[in-house]
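# Structural description and commentary
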Amino acid sequence: MLDFLLRVFGKDSGSSRNVAKERLRLVLVHDRADVSPQLLDDLKEDLIKVISNYMEIDEKALEVNLDTSDKTVALVANIPVLRMKRTGKRAEKIG
Amino acid sequence: MGEVIVITSGKGGVGKTTTTANIGTGLAALGHKVVLVDTDIGLRNLDVVLGLENRIVYDIVDVTHGNCRMKQALIKDKRFEGLHLLPAAQTKDKTAVTPDQMRELCDNLKKEFDYVIIDCPAGIEQGFKNAIAGAERAVVVTTPEVSAVRDADRIIGLLEAAELREPKLIINRLRPLMVKRGDMMSIDDIIDILAVDLLGVVPEDELIVVTTNKGEPAVLDGNCRAGQAYRNMARRIAGEDVPLMDLEANDGFVSKLKKLIGFK
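These remarks concern the structure in this document. Everything numeric here is computed off the predicted structure, so don't read it as measured data.

So, how was this worked out
- Residues numbered from 1 in each chain as written.
- Chains lettered and ligands numbered in written order.
- Predicted model: local features only at pLDDT ≥ 70, side-chain atom pairs only at ≥ 80, totals over all residues.
- Heavy atoms only, no water.
- Patch = residues over 30% accessible without salt bridge, like charges linked within 9 Å, V, L, I, M, F, W, Y side chains within 5 Å.
- Areas by Shrake-Rupley, 256 points an atom, 1.4 Å probe, with all protein chains shown as cover.
- Salt bridge = Lys/Arg side-chain N within 4 Å of Asp/Glu carboxyl O.
- Helix = DSSP H or I, 4+ residues; strand = E, 2+ residues; numbered from the N terminus.
- Buried < 20%, exposed > 50% of the residue type's maximum accessible area, 1.4 Å probe, protein only.
- Contact = heavy atoms within 4.5 Å.
- Pairing = 2+ DSSP bridges.

### Here we look at a nonpolar patch on the surface
Residues A:Leu66, A:Val73 and A:Leu75 make up a contiguous nonpolar surface patch of roughly 210 Å² in combined accessible area. Relative to the elements of secondary structure, A:Val73 occurs in strand β3 (residues 73-78).

### So, helix α6 (residues 126-133) of chain B
All names here are of chain B. Of all eight residues that make up α6, six are buried, and the element is covered over most of its length. Inspection of α6 places Gly-127, Phe-128, Asn-130, Ala-131, Ile-132 and Ala-133 among the buried residues, and these make up the whole buried set. Where α6 is buried, its residues touch β1 (3-8), α5 (99-112), β5 (115-119) and α7 (146-161).

### Here we look at the sheet that holds β1(B)
Residues and elements named next belong to chain B. Pairing is mixed across the open sheet formed by eight strands, whose spatial order is β3-β4-β2-β5-β1-β6-β7-β8. Bordering the open sheet on either side are β3 (75-76) and β8 (197-203), each of which pairs with just one other strand. Pairing between strand β6 (residues 137-142) and strand β7 (residues 168-174): four bridges, direction parallel. Bridge pairing in β7 links Val-139 to Lys-168.

### Description of the pattern of salt bridges
Applying the stated rule across the entire model yields 21 salt bridges over all chains. The closest approach of N and O atoms between A:Asp46 and A:Lys49, which form a salt bridge, is 3.6 Å. Here A:Lys49 and A:Asp46 lie together in helix α3 (residues 37-51), a separation of three residues that amounts to about one turn. The partner of B:Glu81 in a salt bridge is B:Lys76, with the nearest N and O atoms 3.6 Å apart. The class of B:Glu81 is exposed, set by a relative accessible area of 64%. Exposure remark for B:Lys76: the relative accessible area of 42% places this residue in the partly exposed category. Members of the salt-bridge network, linked through shared partners, are A:Arg17, A:Lys21 and B:Asp189.

The following block contains the structure:
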């Protein structure tokens, strides 16, 4: 009955409860993306380790950033490749 | 060896001190030896909430600076043998104590008590860092408002960065009728957003104002719904499995009417 009334008065979807949830979700995406430079450096190091198994990269020119736009956060990495390794990690392991 | 639990929130005014007083009193009522530590140096309040403001001689700064022995600064509660308060200093500021001193203090206190419960000041600066320095478990208090939940999220991040993993959440001042109406975030909404485990939910209750006025924690009032919520939380902290209370009971028009005409 209550649900019916809520729907009749159009309160369900536009309720302030849902507005609050959505606003919080957005604001927290930004808050949480505010990571420390230390964390980004650690991430960079790990990335280099993993990628180096497959290709030779220019470590100095490597860029890693969190890009926050309106509704999403993206991890954007620019990794210049110097040379591909022909074998890759799996071949190395077998060999 | 006891356990050190910090009660924190980020945002001010969400009920950290009330929570500390009530959970602490609740644990003491269960027969545990408890000390409540007020780390809000410069803005002490736990003493008035507990009704112990007239008994303060020494404070936390006196203890950490060696002006007195720890036992001299501890105030014994009037109602429970096992309940003690270590008050904050009122005339100093947060820098009067360092995190290292707090760690040492907590280590000493937990030798004597089953539970060391630390009331953290609002904010994320030195006072917060002091309060969490010696803690092993953390409880985050929030209310169903965007500002409080946002700050709780930030605090949870800072706690995890400080190796205080898996903090427990208290949702304070929930109004079930407003949730039903779609005008307040629900328990599930908040848990969803913060992704932490729940310690308890306290319904909005006017009696909290009344009990605080008198300096008697709400857990001692058998009719107080918020007090019931705090009693449950004390039992959960002590390791009991207690289900969430029915928040909607007593909240509706009919039960209010019943109360008014003396049916309850």
